[in-house]
Amino acid sequence: MEDLHNESPADLLYLLRDDAPALDRRSQERLKVGIETLLAENRDLAARAVRVELERDALLAAIGRQGFVCGADGKVVAVGPGRRNCIARALSGEDTPGNVPLCYPDGGPVRPEDLPGQRALRGEVLKSCRFAIHDRQVGDLHVAVSASPIFTDGAVSGAVVVWQDVTGEEMTRRRMEEANTLLEGLFENLGDIVGIQRPDHTILRYNSAGYEMLGMTPEEVHGRKCYELIGRTGPCTICATDHALASRRREVVTKYVPELGRYLECRSSPILNPQGEVALIVEQLYDITDRKRAEDKLRESEATARALLDAPEDMIVLLDTGGGIIDVNDMTVRRFSRSREDLIGMNIAGLFPPAMARADMACLHEVAESGSPGRFEGAWEGRWYTAVFYPVRDANGGVTRVAVIARDITDVKQAEDALRKRTHDLDERVKELSILYAISRIVEQQGVPLDDIFHEVVRALPSGWQYPEDTVVRITVCGRKFETEGFRATSWRQVSPVIVNGEPVGTMEVCYLRERPERDEGPFLREERSLIDTVARRLGRTIERLQTQESLQRSETKFREIAQQSFDMIYTCYNDGGIAYISPAVMRILGYTPTELIGERCRDYVVLSSLPAWEKGRKKIAAGEPVEGLEIEFRRKDGSAAFLELNESPIVHERTVVGVHVVGRDITERKQNEFLRQQAFEQIERNIEQFAVLGDHIRQPLQVILGMADLLDDGVSVEKIRGQVERINGYIRELDQGWIESRQVREFLRKHELA
């Protein structure tokens, strides 16, 4: 029936006549009219469908899109505008030879059930989903796909899939991303500081160099004014951004920023909007501190160079290779009595006599050609000059200028003769100094016997005289002689005494074996007299030193023997090292061996009750004062206590007390005797008091007895009683006499400080 609109009514009637029962004429006419009406409506619907398809294709073409409609089974029923292409085939998933599968933007394949049409048939609505099609012939294609289901009577009866070829847009986007990535990389990795700000100085961002300079993070910087970032409350007085806002073009200013301690070159470039107004400012900051400092140093260097050029008393001239004067210093101006302006531009050949000018020009040309410095010496106007020519090279290494330094050497020339005359004498003095050094080295050797010293001195001395090959030496000390080989006394002789402790003990003799020209002292120089006297004195002091060392060694040995045998404890203690020496008496007094106490602190062995007195003594020693009679109780090794009377003297080194020498005497027995004596005195005091009381107590009863005896009539008994009373009184008188003697003893002891 789809093609009935193309059939004629007669043909349709013919078909009906074959398929339907026989109709009458009227029915046939009515059927014909109905068929014609039906055919007309069918043609109208077909025309309208064509128009709709055309309008649809026109609309899709107008908006740059294509699409297709698929039925409920997923098969495409209509495509437009145009014919099916690779995109339509990929989106519909047609399984045809050469068909290109649909992919996601990341390259992953799209499964058949996830095709846009299939998803729409499941009721999904897709809006601008991106897909990629990798076609080997046309290259990569990118499409934006939208899909929606078609509902009929509430059920999905089909789907509409519309796409737009966005390949150009996608490629542009990717190029933009690459360009943005490149620009961002360049922006961030620029060595200079680049910032973007609004016209009101509000910072949008900096590159990494900017954040690094400020020492801030992007969050701390964003939205703040540029001047606030360096601690200011308003824009800088000289501001490139303000200038750019006014001129609407790039402005450059150079300024010193004290808050940063840097010189900056600020370049502000405005970005204008379509209306011509400044929308943004791109600010570039170049750290030119090193350049500014280099410029300052260059200016200082130029000033220094000019000062160095003008400071010397030499004439300094800068020439070109032809002899033309380029620059001169002040000394040259004064020497030629012309101004610098007059001299610059002249040729050096016109300033000197012809012969000297030719020699100067020859030296100049040689230096310019060889590139090596040259020297010229000559006389001019009664003065001697030496001129040094130095080549000055350009960047390519070629000699373009020559610097000439001319020095007046007249005084030097005159001094050379005197110097030559003195050279011999100086050589002699060097020999003398060498001899003195050798003698010092010989006599200062430790542990070398005196005889060996004399032998070495005798061998060393001849080289200090003018004619060492003819010089012989002899040293005589305490009758002993030390000679060089082949010594013999001659009339050409120098002698100097060897003095020890103010007394001559020998002589030193220097002789020439052959006659020599007369000098200050026969054939000898006055300096040689001084040398022999100096060596003789040095030998005398050496003998004194060795004798002193020997005496000191004997004294030390004697002291150590005394200390070793002394009954007193002798020790040396240093502040930073403890006990350094202690005599063997410590074993008898404290019970420790000397080895046990070496390195120990004395304070650690002092009994607690004696520490206050000990500390008082330490303070006096620290003040450099000696301490005498300090009684300290020490703890013995067995735990008992010993009293020592200490006499101490400080050890001073470079005005600082570094230790102490101590002699400690054991007074334990004396302290015990004093304790016993004190007890005896106390007993005497008690006895005296008891004598007095006892006498009184006895006398009173005796008087009573005597009185009662007088009352008796028996004379014999009375006499006996009287006799016994008198006897008892005698005893009492003896007690009184003992009391008196005890008092006298006590007073005597007190008088002599024994109680």
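Note that this is a predicted model, so its numbers are computed, not measured. (Residues numbered from 1 in each chain as written. Predicted model: local features only at pLDDT ≥ 70, side-chain atom pairs only at ≥ 80, totals over all residues. Heavy atoms only, no water.)

**Focus on the overall build of the protein**
The condition that has to hold: A run of H or I in DSSP counts as a helix once it spans at least four residues, and a run of E counts as a strand once it spans at least two, with each numbered from the N terminus. The rule is simple: take the accessible area with a 1.4 Å probe, protein chains only, and divide by the maximum for that residue type; under 20% is buried, over 50% is exposed, in between is partly exposed. The contact rule is simple, with two residues in contact once any of their heavy atoms fall within 4.5 Å. To measure how exposed things are, a 1.4 Å probe is used in the Shrake-Rupley method; for residues, cover is taken only from the protein chains shown.
A count of helices and strands for the protein gives 20 helices and 25 strands. Split into buried and exposed, the 755 residues of the protein put 34% on the buried side. Here the contacts in the protein between residues at least 6 apart in sequence split such that 45% fall between residues at least 24 apart. Just so you have it, the protein exposes about 46,100 Å², and 53% of that area is on carbon and sulfur atoms.

**Some thoughts on empty space enclosed by the protein**
The following threshold applies: Think of a 1 Å grid over just the protein atoms. A cavity is a set of points where a 1.4 Å probe fits yet cannot get out, a pocket is an open set with protein on both sides within 12 Å along at least five of seven lines, and lining residues have an atom within 4 Å of a point. Grid points are joined across faces, edges and corners, and a volume is the space filled by probe spheres set on the points. Each residue is assigned to one of three groups, with Ala, Val, Leu, Ile, Met, Phe, Trp, Tyr, Cys and Pro labelled nonpolar, Asp, Glu, Lys and Arg labelled charged, and all others, Gly among them, labelled polar.
A complete count under the given rule lists 4 cavities of 30 Å³ or more for this structure. Its boundaries defined by the atoms lining it, the largest cavity holds a volume of some 260 Å³. Those elements giving two or more residues to the lining of the largest cavity turn out to be α6 (208-214), α8 (240-247), β9 (251-257), β10 (262-272) and β11 (278-287). Here the lining of the largest cavity gets 3 residues from one element, more than from any other, and that element is β10. Taken together, the residues of the lining of the largest cavity sort by class into 16 nonpolar, 3 polar and 2 charged.

**A short note on α8**
Our working definition: In this description, the arc belongs to the directions extending from the helix axis to the C-beta atoms.
Among the residues making up α8, those that are buried are Ala240, Thr241 and Ala244. Down the axis of α8, the buried side of the element spans an arc of 100 degrees, and every buried residue falls inside it. Structurally, α8 contributes buried residues whose contacts are with β7 (193-197), β9, β10 and β11. At the exit of α8 stands arginine 248, carrying a positive phi of roughly 60 degrees.

**Description of the pairing of strand β13 (residues 325-328)**
Which entries qualify depends on this criterion: Two strands qualify as a pair provided DSSP detects at least 2 bridges between them.
Judged from the 3 bridges that link them, strand β12 (residues 315-320) and β13 form a sheet pairing that is antiparallel. Bridging from a neighbouring strand, valine 317 pairs with valine 328 of β13. In this antiparallel pair of consecutive strands, β12 and β13, the connection spans 4 residues, and glycine 323 shows a positive phi of 100 degrees.

**Here's the deal with a nonpolar patch on the surface**
Convention followed: Patch criteria: residues need more than 30% relative accessible area and no salt bridge. Like-charged residues are merged within 9 Å; nonpolar side chains of Val, Leu, Ile, Met, Phe, Trp and Tyr are merged within 5 Å. Salt bridges are defined as contacts in which a side-chain nitrogen from Lys or Arg sits within 4 Å of a carboxyl oxygen from Asp or Glu.
A contiguous nonpolar surface patch, about 310 Å² in accessible area, is contributed by Leu182, Leu183 and Leu186. With respect to the helices and strands, the residue leucine 183 is situated in helix α5 (residues 167-189).

**Structural notes on the pattern of salt bridges**
Evaluation of the coordinates by the stated rule reveals 41 salt bridges. For glutamate 251, the salt bridge identified is with arginine 249, shortest N-O distance 3.7 Å. Take glutamate 251: its relative accessible area is 15%, and that puts it in the buried class. For the salt bridge of aspartate 287 with arginine 262, the shortest nitrogen-to-oxygen distance reads 2.9 Å. Within this pair, whereas aspartate 287 is found in strand β11, its partner arginine 262 is found in strand β10, the two being separated by 25 residues in sequence. Look at aspartate 287 and you get partly exposed, because its relative accessible area is 40%. A single salt-bridge network, built from bridges that share partners, covers Arg111, Glu113, Asp114, Arg119, Arg122 and Glu124.

**Description of the sheet that holds strand β23 (residues 627-635)**
Two orientations exist for strands paired in a sheet by backbone hydrogen bonds: parallel and antiparallel. What counts here: With axes taken as lines fitted to C-alpha atoms, and helix axes fitted only over the stretch in contact, angles between N-to-C directions fall between 0 and 180 degrees.
Read from one edge to the other, the open sheet built from 5 strands follows the order β22-β21-β25-β24-β23, with strand pairing classed as antiparallel. Each edge of the sheet is formed by a strand with only one pairing partner; in this case those strands are β22 (578-582) and β23. Along the sheet, successive strands turn relative to each other by an average axial angle of 35 degrees, direction set aside. In the sheet, strand β21 (residues 569-574) pairs with strand β25 (residues 656-666) via 6 bridges, with the strands oriented antiparallel. If you follow methionine 569 over to β25, its bridge partner there is glycine 664. Against the sheet, helix α18 (residues 611-622) makes contact with β21, β23, β24 (641-653) and β25, and its axis sits at roughly 140 degrees relative to β23, the strand it touches most.

**A look at helix α12 (residues 354-370)**
We count it as follows: In a helix, the anticipated span is given by 1.5 Å times the number of residues less one.
End to end, α12 covers 24 Å across 17 residues, agreeing with the expected 24 Å (1.5 Å per residue, within 8%). Of the residues trailing α12, glycine 371 is marked for its positive phi of about 75 degrees.

**Let's talk about the environment of glycine 378**
Mapped onto the secondary structure, glycine 378 falls in strand β14 (residues 374-380). Note: C-alpha distance between glycine 378 and isoleucine 409 (31 residues apart in sequence) is 9.8 Å. Sequence-distant contacts of glycine 378, that is, excluding residues within four places in its chain, are made with Arg383, Trp384 and Tyr385.

**Some thoughts on the packing of aromatic side chains**
Rule in force here: Only Phe, Tyr and Trp rings are paired, with Trp represented by its six-membered ring, and only when their centres lie within 6.5 Å; those with planes under 30 degrees apart are stacked, over 60 edge-to-face, the remainder tilted. Whether a charge sits over a ring comes down to the Lys NZ or Arg CZ being within 6 Å of the ring centre and within 35 degrees of the ring normal.
Enumeration over the complete set of coordinates arrives at 13 aromatic pairs. On the numbers, 5.9 Å between centres and 50 degrees between planes, the contact of phenylalanine 68 with tryptophan 163 is tilted. Within this pair, whereas phenylalanine 68 is found in strand β1 (residues 65-71), its partner tryptophan 163 is found in strand β6 (residues 155-165), the two being separated by 95 residues in sequence. As far as the burial class goes, phenylalanine 68 and tryptophan 163 line up, both buried. Judged by centre distance (5.9 Å) and plane angle (50 degrees), the rings of tryptophan 380 and tyrosine 385 are tilted. Tyrosine 385 carries the same exposure label as tryptophan 380, and that label is buried. In this structure an aromatic cluster arises from ring pairing among Phe336, Phe352, Trp380 and Tyr385. Between arginine 516 and the ring centre of tyrosine 467, over which it is positioned, the NZ or CZ distance is 4.1 Å. Lying across the ring of tryptophan 614, arginine 618 places its NZ or CZ 4.3 Å from the centre.

**Description of the nonpolar core**
Let me state the cut-off plainly: What makes a nonpolar core is a set of buried Ala, Val, Leu, Ile, Met, Phe, Trp, Tyr and Cys residues whose side-chain atoms join them at distances within 4.5 Å.
Ranked by size, the top nonpolar core spans 29 residues in total, and within it Val457, Leu461, Trp465, Ile475, Met508, Val535 and Leu539 carry the most contacts. Every element with two or more residues in this core is listed here: α13 (410-443), α14 (450-460), β17 (471-477), β19 (493-500), β20 (503-512) and α15 (526-565). Broken down by element, this core gets its largest block of residues, 6 residues, from α15. Other than its neighbours up to four places away in sequence, isoleucine 475 contacts Phe454, Val457, Val458, Arg480, Lys481, Phe482, Thr507, Met508 and Leu539. Of all hydrophobic cores here, the second largest spans 28 residues; its members include Ile325, Ile348, Ala357 and Ala387.

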